[in-house]
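What follows is the residue order along each chain.
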Amino acid sequence: MKIFRIFARLVGRFKYVITLLVGVFILGAVGENSWLSQQAYKEQIKELKAEISELNRQYTADSIRLDELDRSPQAIEKIARERYFMKNDDEDIFVLSDELEGEEEDEATE
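**What about a positive patch on the surface?**
So, step 1. Judged by side-chain charge, Lys2, Arg5, Arg9 and Arg13 come together as a positively charged surface patch.
So, step 2. Within the fold, Lys2 resides in helix H1 (residues 2–13).
So, step 3. Take Lys2: its relative accessible area is 65%, and that puts it in the exposed class.

If you want it as structure tokens, here you go:
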């Protein structure tokens, strides 16, 4: 019982300080605007900025490619040959593969 009385006396004497510390802890650790949430938001902002810069880089590259396609019929022909295997009447197309036949047979048996 002595411990309880000592504890009650300390709480009574420092009740405002204890209340203030508990309140600051609750605001700092719990809720939408807590310190932990703020750190998570900062990390999310950093990831979104990286994604924005990557998309801007891709947009610039695509814009350059589109301008090239608008100006040059040879660029359109190059894409048609590479992606869609189109050819002129007097040409033949050979598709080469990097895979070996033995590797394909091994994968099929597994």
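**Some words on the pattern of salt bridges**
So, step 1. Applying the stated criterion to the full structure yields two salt bridges.
So, step 2. Among the salt bridges present, the one from Glu43 reaches Lys46, with a minimum N-O distance of 3.6 Å. Pair noted here: Glu43 and Lys46 are both in helix H3 (residues 35–71), with a separation of three residues, about one helical turn.

**With respect to the confidence of the model for the chain**
So, step 1. Put simply, the chain has an average pLDDT of 83, and 87% of its residues get 70 or more.
So, step 2. Here helix H5 (residues 101–109) is the element of the chain with the lowest mean pLDDT, 55, and H3 is the one with the highest, 94.

**Side note on the packing of H3 against helix H4 (residues 73–84)**
So, step 1. Contact geometry for H3 and H4: axes closest at 5 Å, N-to-C directions at 110 degrees. Comparing their axes, H4 and H3 come out roughly perpendicular. Taken together, the residues of H4 that come into contact with H3 (itself represented by Arg65, Glu68, Leu69 and Arg71) are Pro73, Ala75, Ile76 and Ile79.
So, step 2. Partitioned by chemical class, the residues of the contact of H3 with H4 number five nonpolar, no polar and three charged.

**Let's talk about a nonpolar patch on the surface**
So, step 1. Taken together, the side chains of Ile6, Phe7, Leu10, Val11, Phe14, Val17, Ile18, Leu21, Val22, Phe25, Ile26 and Val30 present a nonpolar region at the surface, about 1,100 Å² in accessible area.
So, step 2. Those elements giving two or more residues to the nonpolar patch turn out to be H1 and helix H2 (15–29).
So, step 3. With six residues, the single largest contributor to the nonpolar patch is H2.
So, step 4. Among the secondary structure elements, Phe14 is positioned in the loop between H1 and H2.
So, step 5. For Phe14, a relative accessible area of 40% puts it in the partly exposed group.

**What about H2?**
In an α-helix, one full turn covers 3.6 residues, which means residues spaced three or four apart are oriented alike.
So, step 1. The terminal C-alpha atoms of H2, which comprises 15 residues, lie 21 Å apart, in line with the 21 Å expected from a rise of 1.5 Å per residue.
So, step 2. Among the residues trailing H2, Gly31 stands out with phi positive, at a value near 110 degrees.

**Some words on the side chain of Ser34**
So, step 1. With respect to the helices, strands and loops of the structure, Ser34 is situated in the loop between H2 and H3.
So, step 2. Within the structure, Ser34 has its side chain in polar contact with the side chain of Ser37 (distance 3.1 Å).
So, step 3. In this structure Ser34 touches Leu27, Gly28 and Ala29, once residues within four positions along its chain are discounted.

Definitions and cut-offs
- Residues numbered from 1 in each chain as written.
- Predicted model: local features only at pLDDT ≥ 70, side-chain atom pairs only at ≥ 80, totals over all residues.
- Heavy atoms only, no water.
- Patch = residues over 30% accessible without salt bridge, like charges linked within 9 Å, V, L, I, M, F, W, Y side chains within 5 Å.
- Areas by Shrake-Rupley, 256 points an atom, 1.4 Å probe, with all protein chains shown as cover.
- Salt bridge = Lys/Arg side-chain N within 4 Å of Asp/Glu carboxyl O.
- Lys, Arg positive; Asp, Glu negative; His and termini not counted.
- Charge placed at Lys NZ, Arg CZ, Asp CG, Glu CD.
- Helix = DSSP H or I, 4+ residues; strand = E, 2+ residues; numbered from the N terminus.
- Buried < 20%, exposed > 50% of the residue type's maximum accessible area, 1.4 Å probe, protein only.
- pLDDT = per-residue confidence, 0-100.
- Axes fitted to C-alpha atoms, helices over the stretch in contact; angles between N-to-C directions.
- Parallel < 35°, antiparallel > 145°, perpendicular 65-115°, else oblique.
- Contact = heavy atoms within 4.5 Å.
- Nonpolar A, V, L, I, M, F, W, Y, C, P; charged D, E, K, R; others polar.
- Expected span 1.5 Å × (residues − 1).
- Polar contact = N/O pair within 3.5 Å; in protein donor to acceptor, adjacent residues only side chain to side chain.

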